[in-house]
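Next come the chains, spelled out residue by residue.
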Amino acid sequence: MQHRTITTAALAAVIALAVPTNAWASPGGHHATPTSRTVSYTASDAVIPNPSRGFDHTTETHFRADGTGYTPLDAATLRGYRSEGVTQIVRVFYMEAFVDQRRLSPAWLRLVQHDYDTARAAGVGVITRFAYVQGGAWPYTAPYGDADLPTVLAHIEQLTPTLRRNADVIPTLQEGFIGLWGEGYYTDHFASDPANPGVLTEADKDARRQVVEAELAALPSSRSIQVRTMQMKQDALRTPSGTAGALTPAQAHDGSAASRIGHHNDCFLASPDDFGTFLSSPLSLDQDYLGAESRYVPVGGETCAVNAPRSEYPSASAEMAKYHFSYLNLDYNKDVLASWGGAGMTDAAKKLGYRFTMTSSTVTSGKHASVSVSVRNDGWAAPYNPRPVQLVLTDGRRRVTVPVRADASSWQPGTTATVTASLARVPSGKWRVALALPAPERSIAADPDFAIQTANVGTWNARTGVNDLGQVVSVRR
């Protein structure tokens, strides 16, 4: 099958804002009205295994001073996750061997690269965190065992090629590095008094700011990081809490640091302040802050303690909607998740992140052929990474891809987006039409596992990764 892509340079005549309604003149001088056909679609009730959303499994691996502890990702296990509807993992790379060494070993970097290669082949994303030490038994006491600022910055610099090479399968990078579990609290070097790590001086904040800036520089501009508390982002950007300090719609996709820092709450629902996640006074300032800016940045995490009734599903689902959760750890806390019951877990599996449902499409045939598609977001969030929108036309012999001037990351929950494109550059013929939402990275753009499936009955083509509109458009020149 021949494949043809209409390039951006040709889009001036390709993209339209509305379906043409005027009559067109035939070559013989007779006037004819373009024929239009509208199709409505049935919503699916299934859990859709789409990329960068849903429940995740959390994994960890270690690299100790003697070189032991590294457990590589297993391809069969990852494929098994996909079969249960899980499309991503959180992967914590513990770097014990390098806590007092500035140089990362090539052998360890090869192990990390192999994990990303394994995940890519299995169609699984890897939310990534690097850390030096885990916590032991409570209470935790200094020294904790994390690395100092120069070491952290040196390691981020050496990890930069790996992060950029594998950004296609890294949905987001958790800040990591600082403190126990890389969660930024119990630390020997990023709090002036390790015995009282909740009190930060301006020097402490500046050191942490340098880590955030280094990570943002290490990643391509299309990728974000996540910090553990709202205050961590506020300190990094020197902004206040509350809606006054939150990311605005105008900033949402401007490439600024504010637009590239999200949040992971690893004690979601556990207490009024989620065990120190919300730190403002009153707590409502941080809560309003997160509710506002989570529309545009990645938010996820895990539950960590039963705290009824707040940790029960009616309250939990309302908060996941408010904070636009895209992912949640399926492995912890199992007591909290068990309290949600089968119905609650299924509902969350459907609504975490985005859930795109096609409602209708209209094709207009003739000399001024066009296609219009309406898509509703029934999930709790929008995609937090760029997501191109395309029309794919096939006639059994040829395939033409028409880029649509839209980015599905702007399709907010509870809204319906309508995209329309002219087929002015498409060759004459009868074409079957599909909506495609592929990954933007060339390395995985053709992989159906990384494409978005809409929540509709009978529209998904698992082989090609497109959503069939059930429409045929006749293009006439």
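Reading the values: rules and limits
Residues numbered from 1 in each chain as written. Predicted model: local features only at pLDDT ≥ 70, side-chain atom pairs only at ≥ 80, totals over all residues. Heavy atoms only, no water. Helix = DSSP H or I, 4+ residues; strand = E, 2+ residues; numbered from the N terminus. Rg over C-alpha atoms; globule rule 2.2 N^0.38 Å. Buried < 20%, exposed > 50% of the residue type's maximum accessible area, 1.4 Å probe, protein only. Phe/Tyr/Trp six-rings, centres within 6.5 Å; stacked < 30°, edge-to-face > 60°. Lys NZ or Arg CZ within 6 Å of the ring centre and 35° of its normal. Disulfide = S-S within 2.5 Å. pLDDT = per-residue confidence, 0-100. Contact = heavy atoms within 4.5 Å. 1 Å grid on protein atoms, 1.4 Å probe; cavity = no way out; pocket = protein on both sides within 12 Å on 5 of 7 lines; lining within 4 Å. Points joined across faces, edges and corners; volume = space filled by probe spheres on them. Nonpolar A, V, L, I, M, F, W, Y, C, P; charged D, E, K, R; others polar. Core = buried A, V, L, I, M, F, W, Y, C linked by side-chain atoms within 4.5 Å. Pairing = 2+ DSSP bridges. Right-handed = clockwise from strand over helix to strand, strands pointing away. Salt bridge = Lys/Arg side-chain N within 4 Å of Asp/Glu carboxyl O.

Scanning the protein chain for helices and strands turns up nine helices and 20 strands. Here the C-alpha radius of gyration of the protein chain, 24 Å, is about what a compact globule of 477 residues would show, namely 23 Å. Counting only C-alpha atoms and orienting by the principal axes, one finds that the protein chain spans roughly 85 × 50 × 40 Å. Sorting the 477 residues of the protein chain into buried and exposed places 55% on the buried side.

What follows deals with the packing of aromatic side chains. Across all of its chains, the model carries 17 aromatic pairs by this definition. Both rings, one in Phe63 and one in Phe98, keep their centres 5.5 Å apart while their planes meet at 15 degrees; by these two values the pair is stacked. Highlighted residues: Phe63 in the loop between strand S5 (54-62) and helix H1 (75-83) and Phe98 in the loop between strand S6 (88-94) and helix H2 (106-122), separated in sequence by 35 residues. Taken together, Phe63, Phe93, Phe98, Trp108, Tyr116, Phe130, Tyr132 and Phe177 form an aromatic cluster joined through their ring pairs. Sitting above the plane of the Phe93 ring, Arg91 keeps its charged end 5.5 Å from the centroid.

Let us now look at the state of the cysteines. Here is the idea: a disulfide is a covalent bond, and it sits between the sulfur atoms of two cysteines. Counted by the stated rule, this structure contains one disulfide. Here Cys267 connects covalently by a disulfide to Cys304, the sulfurs 2.1 Å from one another. Taking the torsion about the S-S bond as the criterion, the Cys267 to Cys304 disulfide, at about 110 degrees, is right-handed. With Cys267 in strand S10 (residues 261-268) and Cys304 in the loop between strand S11 (299-303) and helix H7 (313-322), this pair connects stretches of sequence that are 37 residues apart. With respect to class, Cys267 is no different from Cys304; both count as buried.

A separate point is the confidence of the model for the protein chain. Per-residue confidence for the protein chain averages 93 on the pLDDT scale, and 93% of its residues sit at or above 70. In the model, residues 1-31 has pLDDT below 50 throughout and makes 67 contacts with residues more than four positions away in sequence or in other chains.

Right, let's get into empty space enclosed by the protein. The method is simple in principle: a probe with the dimensions of a water molecule rolls over the atoms, and the space it marks as empty is what remains. Counted by the stated rule, this structure contains four cavities of 30 Å³ or more. Quantified by volume, the largest cavity comes out at close to 230 Å³. Along the wall of the largest cavity there are 22 residues; nearest its centre are Pro51, Ser52, Arg223, Asn385 and Arg387. When the residues that make up the lining of the largest cavity are grouped by side-chain class, the tally is 13 nonpolar, five polar and four charged. Of the voids in this model, the second largest cavity is the one considered here, and its volume is about 70 Å³. Along its surface, the second largest cavity is lined by His253, Ser294, Arg295, Tyr296, Val297, His324, Ser326, Ala381, Ala382, Pro383, Tyr384 and Ser409. Residue composition of the lining of the second largest cavity, by class: six nonpolar, five polar and one charged.

Glancing now at the nonpolar core. If you look at the biggest cluster of nonpolar residues, it comprises 48 residues, and the most contacted ones within it are Trp108, Tyr116, Phe130 and Leu163. Secondary-structure elements contributing two or more residues to this core are H1, S6, H2, strand S7 (125-131), helix H3 (149-165), helix H4 (202-218), strand S9 (225-227) and helix H5 (230-237). Discounting chain neighbours no more than four positions away, the residues touching Leu163 are Tyr116, Phe130, Ile170, Leu173, Ala218 and Leu219. Judged by nonpolar contacts, the second largest core, of 31 residues, contains Val39, Ala369, Leu393 and Ile452.

Moving on: the pairing of S7. Summarising burial for S7: seven of the seven residues are buried, a large majority. Side-chain alternation along S7 places Gly125, Ile127, Arg129 and Ala131 on one buried face and Val126, Thr128 and Phe130 on a second face that is also buried. The sheet contact formed by S6 and S7 spans seven bridges and is parallel. Among the inter-strand pairings, Val92 is bridged to a residue of S7, identified as Arg129. Once the chain exits S6 it traverses H2 before rejoining the sheet at S7, and the crossover so formed is right-handed.

With that out of the way, let us pick up helix H6 (residues 283-293). When H6 is considered as a whole, its buried residues turn out to be Asp286, Gln287, Tyr289, Leu290, Gly291 and Glu293. Considering only its buried residues, H6 is in contact with H5, S10, S11 and H7.

So, about the environment of Glu175. Within the element layout of this structure, Glu175 appears in the loop between strand S8 (173-174) and H4. Along the primary structure Glu175 and Pro143 are separated by 32 residues, whereas in three dimensions their C-alpha atoms are 21 Å apart. For Glu175, the residues in contact, after removing those within four places along its chain, are Arg208, Val211, Val212, Glu215, Gln226, Val227 and Met232.

One pass over the full model with this rule turns up 18 salt bridges. Between Arg82 and Asp449 there is a salt bridge, with its nearest N and O atoms 3.5 Å apart. Of the two residues, Arg82 sits in helix H1 while Asp449 sits in the loop between strand S18 (429-436) and strand S19 (460-461), which places them 367 residues apart along the sequence. Residue classification places Arg82 among the buried residues on the basis of a relative accessible area of 16%. Here Arg398 and Asp395 are joined by a salt bridge, their closest N and O atoms 2.8 Å apart. Relative accessible area serves as the criterion here: at 27%, Asp395 is assigned to the partly exposed category.

One can find Thr401 in strand S16 (residues 398-407). Taking the relative accessible area as the measure of exposure, Thr401 reaches 5% and is therefore buried. A C-alpha to C-alpha distance of 52 Å links Thr401 and Tyr186, two positions 215 residues apart in sequence.

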